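Observations on the model geometry
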Amino acid sequence: MDAIVLLKEDHKTVEALFKRFEKAGERAHAEKRKLVDTITKELVTHAYIEEEIFYPAARAKVPETTDHVLESVEEHHVVVWMLAELKELDPADERFTAKVTVLMENVRHHVQEEEQDWFPQVRAAMGRKESQELGERMTAAKADAPAEPLAVKSAGS
Ligand SMILES: [Fe+2]
Ligand SMILES: [Fe+2]
């Protein structure tokens, strides 16, 4: 699958989970816990394949986007730390939903920048064949993604 198509599919999967979280009742603690665990798995896997494969390839292909790459890594940094905190937080805690809300705002902003400002530049510079190869490598790398949010490279300073 084409690299950018694959990443956009992941974004859609996460957005659908966000919508489910927003619809969950205030006291639906078990449901919220399950949703956040699934969101964590999806986001950690996605951040991992972007950081290991897509970001370096995009940076090498379009060096003018280096600032985008670096800012994106810092945005991942914030997201994985929030995910690590949510792992330890009781869904009944008054900070839980607030933390998820801020996480969702961050991710939505990040996705919008990737899809609108940055990916089109990569798409224009990268041939179909190269993009397909990247997509295949990312699909395979999903199996190697860590479970722990802080095991993703961007978690470090
Ligand atoms: Fe990203
Ligand atoms: Fe992404």
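Remember, predicted model here, so these are calculated numbers, not experimental data.

Phe 21, Leu 43, Leu 86, Phe 96, Val 100, Leu 103 and Val 107 are the most contacted members of the largest nonpolar core, which has 24 residues in total. Where this core is concerned, the elements lending two or more residues are helix H1 (3-23), helix H2 (29-61), helix H3 (66-88) and helix H4 (94-125). Setting aside anything within four residues of it in sequence, one finds Val 100 in contact with Phe 21, Val 36 and Leu 86. In terms of nonpolar packing, the next biggest core, distinct from the first, is built from 20 residues, Ala 3, Leu 7, Tyr 55 and Val 69 among them.

Right, let's talk about empty space enclosed by the protein for a bit. In the structure shown here, the tally under the stated rule is 2 cavities of 30 Å³ or more. The space that makes up the largest cavity amounts to roughly 110 Å³. Residue lining of the largest cavity: 14 residues in total, with Leu 43, His 46, His 76, Val 79 and His 110 positioned closest to the centre. Put simply, the parts of the chain that give the lining of the largest cavity at least two residues each are H2, H3 and H4. Looking at side-chain class alone, the lining of the largest cavity contains 8 nonpolar, 4 polar and 2 charged residues. Reported here for the second largest cavity is a volume of approximately 40 Å³.

Criteria and thresholds
Residues numbered from 1 in each chain as written. Chains lettered and ligands numbered in written order. Predicted model: local features only at pLDDT ≥ 70, side-chain atom pairs only at ≥ 80, totals over all residues. Heavy atoms only, no water. Core = buried A, V, L, I, M, F, W, Y, C linked by side-chain atoms within 4.5 Å. Buried < 20%, exposed > 50% of the residue type's maximum accessible area, 1.4 Å probe, protein only. Helix = DSSP H or I, 4+ residues; strand = E, 2+ residues; numbered from the N terminus. Contact = heavy atoms within 4.5 Å. 1 Å grid on protein atoms, 1.4 Å probe; cavity = no way out; pocket = protein on both sides within 12 Å on 5 of 7 lines; lining within 4 Å. Points joined across faces, edges and corners; volume = space filled by probe spheres on them. Nonpolar A, V, L, I, M, F, W, Y, C, P; charged D, E, K, R; others polar.

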